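# Structural features, examined
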Amino acid sequence: MAITKLAFLVDKPPYKTETSRLALTHALSSQSVEIYLKDGDNVEPFLAFIGDGVLNCIKNQKALTIYDVTSLDMHIRNALLFGLNVYVCKEDIRKFGLTEDMIVMDADHPDGELKTQIVPYAEIEQAIESCDHILFF
Amino acid sequence: MGKLTIGTFSSLIGSMSLDFALRLAEAAINKGHKVDFWVSGNATMLSKKAQRAYRDYSFLEKKVKELIERGVNFTACEACSEARGYHKEDTMEGWKRHNMDWYLASCFDSDRVLHIGGE
């Protein structure tokens, strides 16, 4: 039995390119990765938003209404619901003048207990150091 | 020898990242390593067959075919391909098409993951 830890690090803003969406969809695909692995083996991903990437975490995005595509805050809520740790860089939130009440902080679902963690960059760095592989989006 | 997983996200035309990634895969194979090569997003363009060579644009179909013959495991994201209108019948022979979980599974037992981001 082995676990491989994967860090999905996102520093690109939402909607201008597909990059941050791909980070979220790849991270969420960890839910079905076991079909390719031996019993007991798995991957353990987490998401970390830094720099311009923190803009992906603003809540109440209207992409579905305006562009008819899923919004990235929906994907972040799903990530929390599926038990993925989501870190958002505290310094970068501050840099954009954002506050915690403007950020997706939970899954908004009765089964979702996990909360977004707004943490100093040093903590994100620590989490990255504990990972086997970094996927930088 | 080790296993290398290369994940790529840039388009065939408009970026040289795929050119670089293929040469990296070739270097790894030359050293006897196993290579999984994943394309997602705009990089799925690499899997399209019947690319036409012009000297002003990257033409990688020939290089991909060589690497397939040498054992590089090329896999394209099925959803990303279908969303772009690249269907199974448009895909070069020797490619596999899977969901994104295949890439994570490849990362699971890879000695090194080189994730080459998109635009």
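Scroll up for the structure.
A quick note: this is a predicted structure, and the numbers were derived from the prediction, not measured. (Residues numbered from 1 in each chain as written. Chains lettered and ligands numbered in written order. Predicted model: local features only at pLDDT ≥ 70, side-chain atom pairs only at ≥ 80, totals over all residues. Heavy atoms only, no water.)

Okay, the pairing of strand β2 (residues 42–49) of chain A next. All names here are of chain A. With 7 of 8 residues buried, β2 is to be regarded as a mostly interior element. As judged from the 8 bridges shared by strand β1 (residues 3–10) and β2, these two strands associate in the parallel manner. Bridge pairing in β2 links Ala7 to Phe46. Considered for its hand, the β-α-β crossover made up of β1, helix α1 (residues 19–28) and β2 is right-handed. Direction of pairing for β2 relative to strand β3 (residues 85–89): parallel, over a ladder of 4 bridges. Note that in β3 the partner of Leu47 across the bridge is Val86. (Buried < 20%, exposed > 50% of the residue type's maximum accessible area, 1.4 Å probe, protein only. Helix = DSSP H or I, 4+ residues; strand = E, 2+ residues; numbered from the N terminus. Pairing = 2+ DSSP bridges. Right-handed = clockwise from strand over helix to strand, strands pointing away.)

Along the polypeptide, Thr17 of chain A turns up in the loop between β1 and α1. At 3.1 Å, the side chain of Thr17 of chain A forms a polar contact with the side chain of Thr19 of chain A. (Polar contact = N/O pair within 3.5 Å; in protein donor to acceptor, adjacent residues only side chain to side chain.)

So, on to the nonpolar core. If you look at the biggest cluster of nonpolar residues, it comprises 54 residues, and the most contacted ones within it are Leu47, Phe49 and Ile124 of chain A. With 6 residues, the top contributor of residues to this core is helix α4 (residues 101–108) of chain B. Aside from chain neighbours lying at most four places away, what touches Leu47 of chain A is Phe8, Val10, Ala23, Leu24, Ala27, Ala79, Leu84, Asn85, Val86 and Tyr87 of chain A. (Core = buried A, V, L, I, M, F, W, Y, C linked by side-chain atoms within 4.5 Å. Contact = heavy atoms within 4.5 Å.)

Let's shift gears to the sheet that holds strand β3 (residues 73–77) of chain B. All names here are of chain B. Spatially, the 5 strands line up as an open sheet ordered β4-β3-β2-β1-β5, and their pairing is parallel. For this open sheet the edge positions go to β4 (96–98) and β5 (112–116), each flanked by a neighbour on one side alone. Across the sheet, the mean angle separating the axes of adjacent strands is 20 degrees when strand polarity is ignored. Where strand β1 (residues 3–8) lies against strand β2 (residues 34–39), 6 bridges are found, and the strand directions are parallel. The partner of Leu4 across the bridge, within β2, is Val35. (Axes fitted to C-alpha atoms, helices over the stretch in contact; angles between N-to-C directions.)

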